[in-house]
Amino acid sequence: MRKFSILTLSAVMLVLVILPGPTVAQQRSLKEQLIGAWELVSCERTTANGAKQPSCVNPTGILILDASGRYAHLIVVRGRPKLTAVNRSDAPAEQYKAAAQGFVANFGTWLVNERDKTITRHYEAALLPNYEERDVKNSVSVAGDELTLVDPNPPDGFDQGRMVTVYRRVR
């Protein structure tokens, strides 16, 4: 009888050790889930009048969020026409304009509000100087290896409408 009790107790303890308990199965914080490199899957930005933004037509891109609170973000239209000049400062204005309209670039710092499920990026520098020293706040959701950012309220003075950007974690 005693041998049966010891075996039963051992089996119960083994099951308790193997099963994830509340302390083992705690989910990582939103910030911890966001840290890493994310490749662009899709972006949809339409202006208030319904026009689609050039940077979201056939895009590719990356968002890098590091643990120290720094980020870098690039979105580029695939297949932009090449400049006829090797040096960008020698390119004709219309070619340079077309190249710039198909490119989004900025970097700076980022913070997460765990309660509101938002990320705020502080633009230190950007292709568009009007964004510099601005904070851009997005709602954020992570489902597995997919990150979705929604910017429902673009900064005042920008007719950019709502932006929804989807990324996949780079492995």
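Anything mentioned here points back to the structure above.
Residues numbered from 1 in each chain as written. Predicted model: local features only at pLDDT ≥ 70, side-chain atom pairs only at ≥ 80, totals over all residues. Heavy atoms only, no water.

**Q** Got a sec to walk through the overall build of the protein chain? Specific residues and values, please.
**A** On a plain count of helices and strands, the protein chain comes out with three helices and eight strands. When the helices and strands of the protein chain are read in sequence order from the N terminus, they spell out α-α-β-β-β-α-β-β-β-β-β. Taking all 171 residues of the protein chain together, 32% fall into the buried category. Intrachain contacts of the protein chain at a sequence separation of at least 6 include 48% that bridge at least 24 residues. (Helix = DSSP H or I, 4+ residues; strand = E, 2+ residues; numbered from the N terminus. Buried < 20%, exposed > 50% of the residue type's maximum accessible area, 1.4 Å probe, protein only. Contact = heavy atoms within 4.5 Å.)

**Q** So what about the environment of E94? Which residues, and what values?
**A** Relative to the helices and strands, E94 is located in helix α3 (residues 93-101). Judged by relative accessible area, E94 falls into the exposed class, the value being 56%.

**Q** Requested: an account of the pairing of strand β1 (residues 36-45), with residues and values cited.
**A** With four bridges connecting them, β1 and strand β2 (residues 59-65) associate as antiparallel partners. Note on β2: the bridge partner recorded for E39 is I62. (Pairing = 2+ DSSP bridges.)

**Q** Tell me about the sheet that holds β2, and name the residues and values.
**A** What holds strands together in a sheet is hydrogen bonding between their backbones, with the strands either parallel or antiparallel. Taken in spatial order, the eight strands line up as β1-β2-β3-β4-β5-β6-β7-β8 and close into a barrel, and their pairing is antiparallel. Across this sheet, the average inter-strand angle for adjacent strands is 30°, counted without regard to direction. Bridge analysis of strand β6 (residues 135-143) against strand β7 (residues 146-151) gives five bridges, and the strand direction is antiparallel. Along β7, the bridge assignment pairs A143 with E146. (Axes fitted to C-alpha atoms, helices over the stretch in contact; angles between N-to-C directions.)

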